[in-house]
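A closer look at the structure
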Number of protein chains: 2
Amino acid sequence: MTMKRAATSAIRAFTSSWKPAFPSLLTRGLHASPGSKKIVGVFYNANEYASKNPNFLGCVENALGIREWLESKGHQYIVTADKDGPHSELEKHIPDLHVLISTPFHPAYVTAERIKKAKNLQLLLTAGIGSDHIDLKAAADAGLTVAEVTGSNVVSVAEDELMRILILARNFLPGHHQVISGDWNVAAIAYRAYDLEGKTVGTVGAGRIGKLLLQRLKPFNCNLLYHDRLKMDPDMENQIGAKYEEDLDAMLPKCDIIVINMPLTEKTKGLFDKERIAKLKKGVLIVNNARGAIMDTQAVADACSSGHIAGYSGDVWYPQPAPRDHPWRYMPNQAMTPHISGTTIDAQLRYAAGTKDMLEAYFKGEDFFPQNYIVKDGELAPQYR
Amino acid sequence: MTMKRAATSAIRAFTSSWKPAFPSLLTRGLHASPGSKKIVGVFYNANEYASKNPNFLGCVENALGIREWLESKGHQYIVTADKDGPHSELEKHIPDLHVLISTPFHPAYVTAERIKKAKNLQLLLTAGIGSDHIDLKAAADAGLTVAEVTGSNVVSVAEDELMRILILARNFLPGHHQVISGDWNVAAIAYRAYDLEGKTVGTVGAGRIGKLLLQRLKPFNCNLLYHDRLKMDPDMENQIGAKYEEDLDAMLPKCDIIVINMPLTEKTKGLFDKERIAKLKKGVLIVNNARGAIMDTQAVADACSSGHIAGYSGDVWYPQPAPRDHPWRYMPNQAMTPHISGTTIDAQLRYAAGTKDMLEAYFKGEDFFPQNYIVKDGELAPQYR
C-alpha cells in the first residue's frame, strides 16, 4: 500500500479510535525539572528497511521521528537497539538518563538493579502498550513515572487476533505450504478446516483490545464469552453480544477458541500451565498476542504435539527475541510470528505521536492523559495490581 | 476442534445462514424418469485423511455420505477422482450416466463434447457453488438441468476472504517464515504491515458472498465500496455500510484492497488483464476466491514481481489442480492455497445435505429451490448470462 494513503488513513484511524495524551488544566508536579534532558530510546534496528517507508517510525534509524524536535529544544537523544547485558549501549547510559523510551517489540528490560543505578531517571515511556518489561514495583518504590500510549495500537492488535483465529480455524498454513512446495492436496487441509460461524470464542480479558475483538467477531455469528475482572455494563454487553463469565475455569472448557487479552502480571504469569491446558476442550485453538509468559512454554508445545491444542498462534514469546531453539518454533500446528501485531505502520504513527505528546507534557510539567499512567505517585494502574 | 461440536455447529450454521433445497408444491416436469439411475460423483481423494474425521464427507471415500441411501433406493453410485482425459474413469461412464455430481474443488470438466456423448445425462449437480466447469450453453442446448447447492458455503468463503485480506494487510507470511527458519526481524515485516482500519476495500460483485464479506468488514471501520449488476436496496446498503459503484473502472483505482466476488463467465474471463491491473493503485492488495481465470495469470505474476500488486491471495487457479510450474506458486507476496475456502467440514455437511435434497426432488420429479438452478429449461441463471 502506498505511503501517502497510509499516513492519511492512520490519521483517520487516530481520530476514530484513539484519544491522545493531553496536558490537563492541572499543572500538579510531574518529575520534570528545567533544563536539558537526556532521553534514551530503545528500538529495533531496521537496517535496509528503514528507508523503504517514510512512516516506518518505530525503528532505531527513524527514532519515532522526534529527533529534530528534541534536539531543537536542547535535549540529548540517544537511540539504540543494543539493550541487554552489562556491556550494552543502553547500560552505558543508565547512570545519567532522565527518560527511557522503549517498545514491547524490542523491550528494554528495566530491572530493579537498573533502576537503582539510574540516579537521574524520572520517566519510563512505552511507545505502544504493555510495560511488563519494567519492574513496576521497583519503579513505583523509586518514585518513577511509567506511562504507555494507551490505545495507540489496540485496533492493530485486535485485527491481528481475528486474523489468527481464522488462520487456525481454516487450517490456512498447511495449504499455503503445499503451494510453495509444489503440492496440491485439498483433503490434507479440509479434514480439519472449519468455519468460524457457530463456534464458541472466549476472550480471557476484555479490556480495550478484547472489546475491539469482540466487536469485530460479532457479525461472524459465534457464541462469544468473556472473562474479566469487571463485567461490562449491560448496554455495552448487549451491543457487543458477549456473555460474561466470572469464573475463568468455568469458561475455558466451553471454548472452541480462546484468545488471551490480559497483561502479564505476577498473577497471570504461567496461568496456562499443564493442568489448566489439560482441562481445555480437546482440539481447542488458542490465540495469544498478549504476552508469551502467560503460557507455560513447554506445556503449550507438548499439548500441540499431542493434538490437545489443535492450533496455537500469537506474536508474543518469552524471551524476546525468541531464541532459535524456542520450542514454539518447532511445535506442530503453530501460526507464530515475531512480535509484530502492534507495530503496523498505522500504529507507529499513533504511538510516535503519543510519545511526543507525553514528552511535551513532561517538559512543561503537565499531566498525561490519565489512562496512559502505569505507575504514578508510587501506585500501579489497576490492571497491573 | 472436535467432531461432535463441528456437527452441532454446522447444523447451527446451516439453520442460521442457509436455505435448503425444497420440493416445491408444483410438480412440473423435471427430467427424472422412473427406475434406477446411474449417478457418478467426482470428488478429490482423501486417502489417509478420509478416516480422520467422520464429517469429512466431500471426498471420494466418504462420497457425500449418500451411498447407503442411494443404493437402498436401487440406484447405482460410482465415485471417482479420475476425471480428465479420454482414459479416465469418468469418461468410461459418460455414455450412460444419468446424473453427474462434482465440486469446484476437484471439478469434472463437462465439455460440449462430453455432453454430446452423454446420451442419458439429465442432471448436473455441483456440491458447492460455481458451475463454470460445465459448458453451460451446451448444457442448456441439450436440455440438461444444472444446479448448485446455493448458499451452502457462502459463509465459509466470506470468512476465508476476510482472513486473506488481513494476511496481506498485516504481512503475516514473511513473519511466519522467519519463525520457522529461526529468524527474528521485526523490521522486515513491519515496514509494510498496515491496519485494515481506514483503508478502502472494494468488492467486485456483491452477491451472497460479497454481502457476507461486507457485513463482516463493517466493524473494521473501512471505506467499503461495491460494484455489481444491481444496486442493493437502500436499507440493505445502509445496514452493510457500503457505497455502490456502478462503473467498475471508476471504483478500482480507489481501492487499497480489491476482493473478487463474481462468477466466471465469458464476460469476466480475463477481466483483470495487464491494462486493468496497470490502472490499479500502486501497492494494491487483491483477494480472489472466485475463479482463477478471472485474472490474466501472467499479468498478476508480473504485477506482483514489480510491486504494483503488493499482495495477492486466493484459493482459485486455472487450471485446477494447479500445475507445479504455475507462476502464482513462485511470485512474491502471494498468500495462495489450493482450492479450499468452500470445503470446510461445516460446508461439507451443508452441501452434502443439499445435494441429497436435490437428488430426492429429482427422483420424485419435483422442483429444486429456485435459487439452486444454474440451467433450467434451456435458460442460464442471470449471473451466468
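Everything in this summary refers to the structure shown in the same document. (Residues numbered from 1 in each chain as written. Chains lettered and ligands numbered in written order. Predicted model: local features only at pLDDT ≥ 70, side-chain atom pairs only at ≥ 80, totals over all residues. Heavy atoms only, no water.)

Take the relation of the copies chain B and chain A next. Mapping chain B onto chain A calls for a rotation angle of 180 degrees and an axial translation of 0.0 Å; the resulting RMSD is 0.0 Å. In the structure described here, the two chain copies are related by an operation that fits a two-fold rotation axis. For chain B, the minimum C-alpha distance to the rotation axis belongs to Met163(B) and amounts to 2.7 Å. Comparing interface residues between copies, 100% of those in chain B also sit at the interface in chain A, which points to an isologous, same-surface contact. (Least-squares fit on C-alpha atoms with pLDDT ≥ 70 in both. Contact = heavy atoms within 4.5 Å.)

For helix H14 (residues 345-364) of chain B, built from 20 residues, the straight-helix expectation of 28 Å at 1.5 Å per residue is met to within 8% by its first-to-last C-alpha distance of 29 Å. Two residues or fewer past H14(B), Gly365(B) is found with a positive phi of approximately 70 degrees. (Helix = DSSP H or I, 4+ residues; strand = E, 2+ residues; numbered from the N terminus. Expected span 1.5 Å × (residues − 1).)

On to the sheet that holds strand E7 (residues 223-227) of chain B. Pairing between sheet strands relies on hydrogen bonds along the backbone, with the strands arranged either parallel or antiparallel. Residues and elements named next belong to chain B. Read from one edge of the open sheet, six strands run E8-E7-E6-E9-E10-E11, paired in parallel fashion. Both edges of this open sheet fall to strand E8 (242-244) and strand E11 (309-314), since each of them pairs with a single strand only. On average, adjacent strands in this sheet sit at an angle of 20 degrees to one another, irrespective of strand direction. Of the pairings in the sheet, the one linking strand E10 (residues 284-288) to E11 comprises five bridges and is parallel in character. Bridged to Asn288 within E11 is Gly314. In the packing of helix H6 (residues 154-169) onto the sheet, contacts are made with strand E6 (200-204), strand E9 (257-260), E10 and E11, and the angle to E10 comes to roughly 155 degrees. The strands touched by helix H9 (residues 208-217) are E6, E7, E8 and E9; relative to E7, the strand with the most contacts, the crossing angle is about 175 degrees. (Pairing = 2+ DSSP bridges. Axes fitted to C-alpha atoms, helices over the stretch in contact; angles between N-to-C directions.)

Glancing now at the environment of Ala63(B). All names here are of chain B. Along the polypeptide, Ala63 turns up in the loop between strand E1 (38-42) and helix H2 (67-72). Ala63 sits in the buried class, given a relative accessible area of 3%. A sequence separation of 221 residues divides Ala63 from Val284, and the C-alpha atoms of the two residues are 40 Å apart. Not counting residues up to four positions away in its chain, the partners in contact with Ala63 are Phe43, Leu57, Tyr77 and Val79. (Buried < 20%, exposed > 50% of the residue type's maximum accessible area, 1.4 Å probe, protein only.)

This part takes up the packing of helix H6 (residues 154-169) of chain A against helix H9 (residues 208-217) of chain A. All names here are of chain A. As a packed pair, H6 and H9 sit with axes 8 Å apart at the nearest point and diverge in direction by 50 degrees. In this view, H6 runs oblique relative to H9, as classed from their interaxial angle. Relative to H9, the crossing made by H6 is right-handed. Between H6 and H9, the contacting residues are Val154, Val155, Val157, Ala158, Glu159, Glu161, Leu162 and Ile165 on the first element and Arg208, Ile209, Leu212, Leu213, Arg216 and Leu217 on the second. (Parallel < 35°, antiparallel > 145°, perpendicular 65-115°, else oblique. Left-handed = near helix turned anticlockwise from the far one by under 90°.)

Turning next to the sheet that holds strand E13 (residues 379-380) of chain A. Residues and elements named next belong to chain A. What the seven strands build is an open sheet, ordered E2-E1-E3-E4-E5-E12-E13; its pairing is mixed. The sheet is open, and its two edges are formed by strand E2 (76-80) and E13, each paired on a single side. Where strand E1 (residues 38-42) meets E2, five bridges bridge the pair, whose relative direction is parallel. Within the sheet, the bridge partner assigned to Val42 lies in E2 and is Thr80.

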